[in-house]
Amino acid sequence: MPSKSAVLRPRSSSDPFTAALLPPPNETPEQRERRLQEEYEAIQRSNDIDEQLKRDGMALRKHKECVKVLLLGQSESGKSTTLKQFQLLHTPAAFHAERIAWRSVIYLNLLRSIRRILEALLPPTTDDNPDESMSSATSSSNSQFHYANRPGTPNAFSDAAQRHFERYAARLAPLVALETRLMRQLACPDDEEATHLDPALLPPYATPTPDPNSYGNGYGSSHHTLPRARSVGASTSKELALRPTSKWKQTFAIGGRIAVSGTKSEHTGEIRGWWEDPDDPVHVLHACADGEYGMVALWRDSEVRSALARRRVRMEESSGFYLDEIERITAKRYIPTDGDVLRARLKTLGVIEHTFTLKGHNGIEWKIYDVGGARNQRQTWAPYFDDVNAIIFLAPISAFDQVLAEDARVNRLEDSLLLWRSLAANKLLANVNIILFLNKCDLLRAKLNAGVLLRDHMISYGDRPNDYDSVSKYFRNKFGALHQSHRPNKERELYIHLTSVTDTRNTSKIIADVRDIILKANLKGSRLI
Ligand SMILES: Nc1nc2c(ncn2[C@@H]2O[C@H](COP(=O)(O)OP(=O)(O)OP(=O)(O)O)[C@@H](O)[C@H]2O)c(=O)[nH]1
Ligand SMILES: [Mg+2]
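Here is what the cut-offs are and how they apply
- Residues numbered from 1 in each chain as written.
- Chains lettered and ligands numbered in written order.
- Predicted model: local features only at pLDDT ≥ 70, side-chain atom pairs only at ≥ 80, totals over all residues.
- Heavy atoms only, no water.
- Salt bridge = Lys/Arg side-chain N within 4 Å of Asp/Glu carboxyl O.
- Helix = DSSP H or I, 4+ residues; strand = E, 2+ residues; numbered from the N terminus.
- Buried < 20%, exposed > 50% of the residue type's maximum accessible area, 1.4 Å probe, protein only.
- Donors = N, O, S within 2.8 Å, 3.2 Å for Na, K, Ca; no water.
- Core = buried A, V, L, I, M, F, W, Y, C linked by side-chain atoms within 4.5 Å.
- Contact = heavy atoms within 4.5 Å.
- UniProt positions renumbered as here; feature names shortened; annotations may be inferred.
- Polar contact = N/O pair within 3.5 Å; in protein donor to acceptor, adjacent residues only side chain to side chain.
- pLDDT = per-residue confidence, 0-100.
- Axes fitted to C-alpha atoms, helices over the stretch in contact; angles between N-to-C directions.
- Parallel < 35°, antiparallel > 145°, perpendicular 65-115°, else oblique.
- Nonpolar A, V, L, I, M, F, W, Y, C, P; charged D, E, K, R; others polar.

Here's the deal with the pattern of salt bridges
Step number 1: By the definition in use, this model includes 23 salt bridges.
Step number 2: Linking Arg314 and Asp401 is a salt bridge whose minimum nitrogen-to-oxygen distance equals 2.7 Å. A residue pair is termed long-range when its members are at least 10 positions apart, and Arg314 in the loop between helix 12 (302-310) and helix 13 (326-329) and Asp401 in the loop between strand 6 (390-396) and helix 15 (412-425) qualify at 87 residues.
Step number 3: By relative accessible area, which is 28% here, Arg314 ends up partly exposed.
Step number 4: Here Arg343 makes a salt bridge to Glu325, at a shortest N to O gap of 3.2 Å. Pair noted here: Arg343 is in helix 14 (residues 338-343) and Glu325 is in the loop between helix 12 and helix 13, with a separation of 18 residues, a long-range link.

So, the coordination of the magnesium ion (ligand 2)
Step number 1: Around the magnesium ion (ligand 2), the protein contributes the donor atoms Ser80 (OG) and Thr348 (OG1), at 2.0 to 2.1 Å from the metal centre. Here Ser80, found in helix 4 (residues 79-90), pairs with Thr348, found in strand 3 (residues 347-348); they are 268 residues apart in sequence, far enough to count as distant.
Step number 2: A relative accessible area of 21% places Ser80 in the partly exposed class.
Step number 3: When its relative accessible area of 9% is taken as the criterion, Thr348 is described as buried.

Comments concerning the nonpolar core
Step number 1: Ranked by internal contacts, the top residues of the largest apolar core, which has 50 residues, are Ile117, Met295, Leu298 and Leu323.
Step number 2: Elements supplying a minimum of two residues to this core: helix 6 (102-120), helix 7 (159-186), helix 10 (282-289), helix 11 (295-300), helix 12, helix 13 and helix 14.
Step number 3: Ranked by residue count, the leading element in this core is helix 6, at 11 residues.
Step number 4: Contacts of Met295, omitting those with residues within four sequence positions, involve Leu110, Ile114, Leu172, Leu175, Leu285, Cys288, Ala289, Ile326 and Thr330.
Step number 5: Within the second largest apolar cluster, 36 residues are counted, among which are Trp381, Leu448, Leu454 and Ile496.

Quick word on the UniProt feature "binding site: Mg(2+)" (unreviewed entry) in the protein
Step number 1: Cross-referencing UniProt, the feature "binding site: Mg(2+)" (unreviewed entry) maps to Thr348 in the present numbering.
Step number 2: Those residues within four positions of Thr348 in sequence are excluded, and the remaining contacts are Ser80, Leu242, Asp370, Val371, Gly372 and Gln377.
Step number 3: Side chain to side chain, Thr348 and Ser80 meet in a polar contact 2.9 Å long.

Points about the confidence of the model for the protein
Step number 1: Mean pLDDT over the protein: 78, with 71% of residues reaching 70 or higher.
Step number 2: Throughout residues 190-236 the model reports pLDDT below 50, and contacts reaching past four residues in sequence, or to other chains, amount to 122 contacts.

Here we look at the packing of helix 7 against helix 12
Step number 1: Two numbers describe how helix 7 lies on helix 12: the axes approach to 11 Å, and their chain directions differ by 105°. In terms of axis orientation, helix 7 runs roughly perpendicular to helix 12. Listed contacts from helix 12 to Ala161, His164, Phe165 and Tyr168 of helix 7 are Glu303, Val304 and Ala307.
Step number 2: Considering only residue class, the contact of helix 7 with helix 12 consists of 5 nonpolar, 1 polar and 1 charged.

Structure below.
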């Protein structure tokens, strides 16, 4: 049988290039074996190079066409609010179309605030006064709240005050039932983690009032000693949390039953007519808003305010704060404004991806990932680390005197610092652009103006002035220094912004800056400039 080369030789001899590649004449079997092996290896190498080129090409296209940004930070740091600002800036029509769906979340936020106030007005329980037996408590007619006073117990209100508070609880009782109903409607029926609220399980006044002189949070820190403050964001029951798969926006975009058959507004495209549905939550809210012992009276009542101050409940700082606007929010034809939607609090579970295309940037697609920041959610972050172009990390610096909702032993600022340090040191992120938002600066300013001293919560602050400029500069340096000393790549720059992401005007400027930083770095990384 003729050899392969012998068969090829006559066909190729007229082509000088092919002729040059032909095996030498008189090739021995060993030489032939070696040559074939070398040819085989060359083909393998060539295939490998082709594969690599294909991968590089894909990576290049990916860099060019898709920028991936991960929003990180502890729970309530402002990640979802930042995502809303991106949406408002880049897909305003979609943002506005969803405004009506946020109505229910805003109602729930308001209902939660009212319940938290009512809980704070309860007398201390036997948990607070272990020397008292349960049997000594007599319960009021209200099934959810037990207003029996125990004179002489530390922190107890006077009998007259307690009776006064009890009247609020009686008038506002329908709101507790409404909260449960709305929670059930919003959560996925098959979602075990989605929040549900069982009024029967509502413990009365849960957290002991902190002793301002007691220090130490059991969190093992050298530079912090922290009083056991009541968590401002925490409540005695879970808050509403939804998975990305939840269909809550669709459910509530159409309002109530009447709204389904209602007409769309010419201006906003929103369905109108929900106020004609007797089952719509607005009716209970509206009925409980005004008049004696209504919601407005509760929030304006100086006796209630001083009771809250005694119990160290600062509602103004809590997420989803609408108590100053009860009349507007509970109006029958209320439609949330952009500002209302930005302030609405809905805890994130899992990871939410939002995609949009930037105009005037060659159609580059952006994918922004918003993750849950609570401790039990943080394991979802790492899988995104090896494929991300930039991270926006949010640290709410107003939270220096607060504790985590999920663990009342942990100071929020300290949690942010530890999280930041481990992120800054992460080798997988060595070449990822990192942008730090020192957030909730508006609340920080208000807190410092109200006389809360940083040094009482952070010993390392020492005798520095307690004004906004000094404190924010201190935080900027502290976070900056942690990045500087732990970053795995000494070339990596850090961009720090002082933010209040509920403020659209300032945040849109910051977002434009961030967008340019990320785009430039991304293009440089893919050698397109
Ligand atoms: N006043 C003020 N409120 C803010 C600011 N940033 C966020 N908030 C509010 O704080 C609450 C929590 O913000 P989110 O954006 O839901 O927090 P998150 O980081 O997504 O929290 P998780 O989903 O639990 O991880 C919301 O009610 C926001 O409106 C801010 O800069 N100032
Ligand atoms: Mg969120």
